[in-house]
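Summary of the model geometry
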Amino acid sequence: MNKALLIIGISGLLFAESACAAKDCTTVQQKSGRDAYQKCLYDEQETRIRDQIAAYKAMIDRNKESVKAQYDTLINQEEFSWKDVDLKMQIEEAGRKLRITQLGTAKENAEQVQIEKNLLTRLQKIRSLTSSVHGKKESRLKKRKEGELAAYDDAIAEYELQLRRQNMPSLWGSND
C-alpha cells in the first residue's frame, strides 16, 4: 500500500466532504450561532472519519479472511503431508519389528537381526526428527499468520491516526 497515494486520497475525500459539511453547518450557524456551527463541523468531521474507518476496516477484514484461508490451507497441507509420511514410517517400523521377530534369536540370523535393529533405530530417530520438523514448520506458519493479521490490525489504527492528524490544526503551524 503506497502511503503517499493513501494520504492524497484521504486529503481529496476530506476536502470534498468538508465543502458539503460546511454548507449544512452554515444553516446551523445562522440559526444557532458560531458555537453550534463549530460543534456541527466537528460532528460532521467525526461522522466522516468513522465512515472512512468503517470502510477501511471492511476492506481490512476481507484481506484478513484471505490471509486466514491461505495460511489455513498451508497448515492443512503440512499436516496432511506429515501424517502421510508418519503413517508410512509407522508401517515401516512395524515391518522391521516383525522382521526382527521372524528372524528370532537363532545364531545364524544374529547379523541380520542386528542390521534390522540398527535400521529400526535409525527409522525411529528419523520419525522423531520428522515430527519435530513438522511441529516447527507448523508453528512458523501459525506465527506468520498471526503476524500478518496483527499487521492488518495495526493498519487500521495507523489509518485512523492519519485521518485524525489531517483533521487536527497544528499548534505549531506556519505563521500565516
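Quick caveat: nothing in here was measured; it's all calculated off a predicted structure.

Before going further, it helps to spend a moment on the state of the cysteines. Within this structure, the stated rule accounts for one disulfide. A sulfur-sulfur distance of 2.1 Å marks the disulfide that ties cysteine 25 to cysteine 40. One disulfide, between cysteine 25 and cysteine 40, carries an S-S torsion of -80 degrees and so falls in the left-handed class. Of the two residues, cysteine 25 is situated in helix α1 (residues 3-32) and cysteine 40 in helix α2 (residues 34-103); the sequence distance between them amounts to 15 residues.

Let us look at the environment of leucine 87. With respect to the helices, strands and loops of the structure, leucine 87 is situated in helix α2. Remark: the alpha-carbon pair of leucine 87 and arginine 127, spanning 40 residues in sequence, is separated by 9.8 Å.

Turning our attention to the confidence of the model for the chain. Averaged over all residues, the pLDDT of the chain equals 87, while 83% of them reach at least 70. Of all helices and strands in the chain, the one with the weakest mean pLDDT is α1 (62), whereas helix α3 (residues 110-166) scores best (96).

Here we come to the nonpolar core. Counting eight residues, the largest nonpolar core is built from Ile49, Ile53, Tyr56, Ile60, Ala155, Ile156, Tyr159 and Leu163. Mapped onto this core, the elements with two or more residues apiece are α2 and α3. Apart from residues no more than four positions distant in its own chain, alanine 155 is found in contact with Tyr56 and Ile60.

Rules behind the numbers
- Residues numbered from 1 in each chain as written.
- Predicted model: local features only at pLDDT ≥ 70, side-chain atom pairs only at ≥ 80, totals over all residues.
- Heavy atoms only, no water.
- Disulfide = S-S within 2.5 Å.
- Helix = DSSP H or I, 4+ residues; strand = E, 2+ residues; numbered from the N terminus.
- pLDDT = per-residue confidence, 0-100.
- Core = buried A, V, L, I, M, F, W, Y, C linked by side-chain atoms within 4.5 Å.
- Buried < 20%, exposed > 50% of the residue type's maximum accessible area, 1.4 Å probe, protein only.
- Contact = heavy atoms within 4.5 Å.

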